[in-house]
Structure formats: structure tokens, C-alpha cells
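# Notes for the structure review
Residues per chain are reported as follows:
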4 protein chains.
Amino acid sequence: MNTRTERADQSSVRRTQILAIAARLIASQGYSATTVRDIADEAGILSGSLYHHFSSKEAILEEILRSFMDGLLARFEEIASAGTSPRETFDALVQHSFLTIEREPDAVGLYQNESAFLATQPGFEFLQEKSSRIEALWMTVLREGQAAGAFRGSMDVGVVYRFLRDSLWSTVRWFRPGGRHTAESVSGHYLDLFHNGLLAD
Amino acid sequence: MNTRTERADQSSVRRTQILAIAARLIASQGYSATTVRDIADEAGILSGSLYHHFSSKEAILEEILRSFMDGLLARFEEIASAGTSPRETFDALVQHSFLTIEREPDAVGLYQNESAFLATQPGFEFLQEKSSRIEALWMTVLREGQAAGAFRGSMDVGVVYRFLRDSLWSTVRWFRPGGRHTAESVSGHYLDLFHNGLLAD
Amino acid sequence: MNTRTERADQSSVRRTQILAIAARLIASQGYSATTVRDIADEAGILSGSLYHHFSSKEAILEEILRSFMDGLLARFEEIASAGTSPRETFDALVQHSFLTIEREPDAVGLYQNESAFLATQPGFEFLQEKSSRIEALWMTVLREGQAAGAFRGSMDVGVVYRFLRDSLWSTVRWFRPGGRHTAESVSGHYLDLFHNGLLAD
Amino acid sequence: MNTRTERADQSSVRRTQILAIAARLIASQGYSATTVRDIADEAGILSGSLYHHFSSKEAILEEILRSFMDGLLARFEEIASAGTSPRETFDALVQHSFLTIEREPDAVGLYQNESAFLATQPGFEFLQEKSSRIEALWMTVLREGQAAGAFRGSMDVGVVYRFLRDSLWSTVRWFRPGGRHTAESVSGHYLDLFHNGLLAD
DNA sequence: GATGAATGAGTGTTCATTCAT
DNA sequence: AATGAATGAACACTCATTCAT
């Protein structure tokens, strides 16, 4: 590996470190309560030095969200196009979601807290677009499941999707890696509840 | 009604107006992105004049959250002590929750966005305390339902509660009064899903 | 005079003070080398307090230039429409210009230093417009003077105007009120030179 | 030519390029509004790399001004000591000045905009000194012209010099090489006006 | 109860400059 | 001769808060 490549890699490493730090702080304090000085302090540099790597505070936020959404959508699309039955696909989508919460809790938390407001802001239109595509993908699975007789046909799929989605992603607030739960165990509880409901019999 | 009472009432009216404005702004933009000037502008006064009504920006936030939590807990306790069956109690709790979202969407939204971070801040310990009591109340209903054979006994009540709670309150993000849904219709969808689950048969 | 009027006047007084301070500093150091702290320091307030009176540093600059240009153009138009002979009008324009330099040397100096660059900047289009109208007004006087046989007909009026204008307004760099020269004496020298030229006979 | 000399020449070429770029940017935007990054960008290098050629931003400015002033004064001295008549000398000084504006508009423009402020700054005393010598040289020509009966004796030579100088050098703001005017044509207009004045007869 | 002027701390960002590589 | 990461000071501007009027 030559010197130029090493340097580019180091640069990439530095950027990635900063993005991780920023994601953590923004996820826990909120975007506007997190200062660039907070981020720089944790990165061990001065706040002005951040601008060597990123053009603005907002650009950091955008990069975190964009790469999170891109990765998530890509993986969801793989799962949806795997040719499995609607119920199997649904279960796999759920399992991957909990895996994502386990692996990237900061990006998930940040998205949960900030995306509603950001989606309307210039430069963040991609949030709307990606989440629409994710919604369409889940809705398709639910509708196909109804058509195939796997899911109850009487439900309003649009409303059900929202209940499922919110219940799933809100998990990030209490399910943190290293605690009592794993992605797998939470997935299990989630699927049991949403498959069968609360009622006995 | 004497002059003193009238004045106190006017003051109270003004306070209530300001609290409503603040709740709306904070719910939509977040606490730290909402300035006291934003609030004052909407109230038609100068920002400094807010301090005749409230001692600080934080005090406004606290008052909104405290009265919201107090009211909610009080009503939940009424419902829980009505002597109905666990399933009836559960359904009533759900219905009242959606009614609360319909009536006080700003307080609910604000609570959803800010409470996680605030709960650890000095002066906001009451958030932790009230929400613990609410949690205990719901958990009791769920456990009693299991004991009575109404709810499936195999579920982890703690995890189920979180799924139920998050799904329910997150509704505030898409169910706004005056839209396609009413508290009643959303309640219906919610109870159908959580009672019976997704799966057919 | 009631309290409200007094206060509005004080406010106006404060603004005027700040504008005068800013004009002086910007005229001597340049706009971008003059900081809002420089201005605030001289005004005896903190830099942030300037924003109670003006929305931005640029707004201060704009207000100085706009009121200067408006006043100058208005007076020039009065002079040009007084019905005097071309030569009398010309002399009066010159005399008023030197009077302006004597009375508002900071605005004149600031205009000399910054207007060329600013004229192309958004929000400062008025500079171009006003100076075009001033140019048209002088050119008319010069052309009428040629037509009337008062001024030599062989000269290129456009070029001559520029020589006259630059020589006149550049005076601000060395003719400061309170020095060896007065507006009247400098006017005399200027008119003698430009009327009769350098050459003897 | 040996390697060392070649290298020094390359270095010299690079320096000259950078000086030309800097002169152009500073002339059009002003010194403090021109960043070292602006200069480096146009030179195709990073801003830090400028410091291999110049010790500071100020050193660039100084070098531009010093070489401009040295060249101008040297040429003026040649003209003044050519033994021609005062009027011929005067005309030659004017002609050379316009030639200088045509050849080095950036240095001239930069000097016009910045020298008044810079002259008082440490490290730029040479500006004062050179311009004093230039002034003395022109004043001598004017006085000798008066003594010889070529120029009118009634004029205040000090004031006249300033009018002549400002009118001449301000030309840089509107006379740019490649436009409608040449140094020669502008010289002609200038000399006609200042020789003979505006008035007919 | 409200104004308007001001404070003082802090915000995101820019800049000339340094230096190991 | 140039890079790229960093510095440290400064910048324009914002904010919650205070207080005399």
C-alpha cells in the first residue's frame, strides 16, 4: 500500500470516527443541542478543525443519515426480492431491523428523533424519498401476505404498517446492545406479539 | 367576581395561551431549536415580556410536561380503579390514550421527543416518577389479564408493554386531529391488531 | 413630547451614532477589515447589542450608503433643475460636491473605497442605479454647455465626466474638514483648473 | 544554464505567477477580503503550500507594491532627467502613467485601494517614501513649467498636483486593457482637458 | 404587563499559519 | 514543492435573561 492510499485511508478513518462521535452525541442530546465543539472535543481536536473534514455541521448530519438510509433500504430490497413467502419476508425484515438497531443504535436513534423535522428541510429531501420507498416495500409484503391468506385480510394495511414500524424502531430507546436483550430475543418477542396478538386462544 | 380574581384569571388566560404556543412550537421544532423569541413572537409580545409570566424557558417546558403527566396519570388511575375486567380496563386505557393524543397532540409530541433526554436533567425527575407509575399501572393490568386467562401467558409483560406503549404514543406523529382518522377509528385498528395479531386463523 | 416619542427619538439617536461610528471606521479601515466589535467598542456596547439596532453588519453598510446616495442625488437634482445656465449649474454641482465632502467625509470615503466592489453584490444594486442617474445628470449639463458654446465642443463628454468625477471625489483622501482647506477654497482651485487648464494664455 | 539556475528560475516563475494572481484578486476584492485560499486555489495548490514561496500574506502584498513602486519611480526619474522642456516632461509623465495602468492594472488598482490605509502600517513605510519622491518629482516639473511661463502661474501647485494625480490614476477603475480605450487615446483626452480646460475660447 | 436596550456567554464558521510527511 | 491535518484566534451572529422605564 503506497503512501497516498494510506493517507486517504487515514482520512477516511478520521471521517468515520467523527461521524460515529457525532451520531452518538446527536442521538443522545439532539441535533441542535449538540455543538460542533462537543463533537470536536470528543474527537480530540479543535472545533475549527472539523471543517477540514466536513463543510458544515449540517453536512455531518446529512452524511450520517444518508449512509444509514442507503444501507437500510439496500438491505431491505435484498430481503424483499429473495423470493421467500410473504410471512418469511416479513419476519426477515423484522429481524434485520432489530439487527440494525443493535449495530447502529446511534443512527437509528438520531433518525427517530430528528427525521420528522428534517424531512421538510432543504437538503434532506432524501429522507422523505427513502422512507417512502421503505414504506412501499413493507406495504407490498403485507398486502401480498393478505392476498396469500397468511395475514388477516380485514386490517387497514396503511395503519398496521405504522403501528409495526413505530413499535419496532422505537425499541432503540430501551434496547441497547450489551443489555439484557439481543436483537434475536427482541425479534422473538416482537414477532410473537404481532403474529398472534395479546388475546389467549 | 372581584377585581383580584379577574386579574388572576386574565393572567391565567395569558399563561395558558403562552403554554399552548410553546407546546406547539417545541413539539414541532424541538426544545432547543425553539427560541423564547419564537414563542413571544407568536404570542404578540417581546421576548423579555415572557419573563413576567414564567421564570425561564425551562420553566415553561416543565409546566407543560408536569400538567400533562399529572392529568394523564390521574385519568389512568381512575380507569384502572374502575373495577372492570383486565381486558376492559386495557381497552379503556388504550382508548383514553388515543383521546389524549387527539386532544393534546402538542404535549404528547413534545413528551415523545424530549422526555428521554430530559428525564435525566435536574428539575425533571418527575418525568421518571410519573412514567414509572404509569408503567406499573399498565403492567398490573397486563399481568392480571394473564392471570385471568384473557391474555396469553407466554409473553414477557415488560417487553410487551414497551411495544404497546411505543406503538400507541408514536401515533402522534401521523395521527393529527382533523385528518382522516379519529381517536376512535385509530383505537379500533390498534385494538384489533394487538388483540388478534397479524396472522390469519 | 410624550414618553413614546422621546424613546423613539433616543432610538433614532442611537442608530445615528452607530451609523456615524461605523462610517468612520469603515472609511478608514475598509469594510471587511472593520469588525462589528470595533464598531460596538466605539459605541460603548457589546457587539451582540448592535443587533438590537441593525440586522447585520451589511445592513449598517447599506444604510450608510443608501442615505448618502439618496441625499446626494436629491440635491444634485435640485441644482440641475434650477434653470441656471450650464456653466452656472456645473459650478454649483462642483461646489455642492465639495460641500458634501466637507460635511460627510466618511460616507464619501467609504463610497470611494467600497462602491466599485459592492455595486455587483446582491442588495447593493441601488449603488449602480443612483450613480447612473448622477452620471446622466452631469453629462446632460456638460452636453448642454457644449451646445450653448460654453464648453469646448471637441471633448469626449463621457471621458471628461470621469476625469472630473474622479478628481473631485478623490479629494476626500486629502481634504479633511478642519485642515488648511475649506470646501470653498478647494472648489475655487478645482474650478480654476478645470475651467482654464494648465497652460498659460 | 545549470540545474541550480533553472530551479531558481522555476521558483521565480511560480512566484511571479502567484504574485500576479494575488494582485488581480486583491485589486478586485480588496486585501482583507482576499484569502490565501483564494490565491492558492487559483494557483492550483493548497493554501499551506503558498508558504513555501512567501512568508506571509502580508509579504505577498508588500512584494507586489514594492516592485510596482520601484519600477514606477525609476521610470519617472528617467523621464524627469531626460532634459526635455517642462511641458514635454509633463506630457511624458502622463503618457507613461497611462501606459502603466494599461500594463499593470492590478498593481495600480491595488495601490489605489489599499495604499492610503497601508501607508501607516509597519513594514509599509516605503509607500510613503516612494510616493513622496514621486510627488516631489511631479511638483518640480509643474513649478519649472510655471517658471518657464508654460503653465499658468496663479495655480496652487500642491493642489493642482493632487487633482492631476487622482484624475489620472483613478482611471484604472474604468479604463481596462482590451476595452474601447487605449493608453494613448486616454492620454490624449487627459492632456487635452488638463492643458486647455473645459471652457471655450 | 409590557417595552426596548443591553448583557454575557456561546454558536457555527473562517482564516492565516504551521508542520510532519 | 506540495500535501493534508491541525491550530488558535477571531468573526458575525444568536440566545436566554435582566432591568430601568
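Here the structure is a predicted model, which means the values were calculated and not measured. (Residues numbered from 1 in each chain as written. Chains lettered and ligands numbered in written order. Predicted model: local features only at pLDDT ≥ 70, side-chain atom pairs only at ≥ 80, totals over all residues. Heavy atoms only, no water.)

### Let's talk about the relation of the copies chain B and chain A
Once chain B is rotated about the relating axis by 180° and shifted along it by 0.0 Å, it coincides with chain A to within an RMSD of 0.1 Å. Overall, the copies show the geometry of a two-fold rotation axis. Using C-alpha coordinates, one finds that chain B approaches the rotation axis most closely at Gly 197 of chain B, a distance of 1.9 Å. (Least-squares fit on C-alpha atoms with pLDDT ≥ 70 in both.)

### Considerations on the pattern of salt bridges
By the definition in use, this model includes 44 salt bridges over all chains. One salt bridge in this structure joins Asp 192 of chain A and Arg 152 of chain B, with 3.2 Å as the shortest N-O distance. With one member in each of two chains, Asp 192 of chain A in helix H8 (residues 183-196) and Arg 152 of chain B in the loop between helix H6 (125-147) and helix H7 (157-170) form a pair that bridges those chains. In this structure, Asp 166 of chain D engages Arg 165 of chain D in a salt bridge whose closest nitrogen and oxygen atoms are separated by 3.0 Å. Owing to a relative accessible area of 5%, Asp 166 of chain D belongs among the buried residues under this scheme. Classification of Arg 165 of chain D as partly exposed rests on a relative accessible area of 25%. (Salt bridge = Lys/Arg side-chain N within 4 Å of Asp/Glu carboxyl O. Helix = DSSP H or I, 4+ residues; strand = E, 2+ residues; numbered from the N terminus. Buried < 20%, exposed > 50% of the residue type's maximum accessible area, 1.4 Å probe, protein only.)

### Some thoughts on the domain arrangement of chain A
Residues and elements named next belong to chain A. Assigned domains of chain A: these are domain 1 (1-54) and domain 2 (56-196). On a C-alpha basis, the centroid separation for the pair domain 1 and domain 2 is 27 Å. On the domain 2 side, the residues contacting the 15 residues of domain 1 number 12 residues. Between Arg 15 and Glu 63 there is a salt bridge, with its nearest N and O atoms 2.4 Å apart. At the surface where domain 1 touches domain 2, the tally comes to 7 residue pairs in polar contact (both at pLDDT 80 or more). Here the side of domain 1 that touches domain 2 takes 8 residues from helix H1 (residues 3-29), the largest share from any one element. (Domains from an automatic or database assignment. Contact = heavy atoms within 4.5 Å. Polar contact = N/O pair within 3.5 Å; in protein donor to acceptor, adjacent residues only side chain to side chain.)

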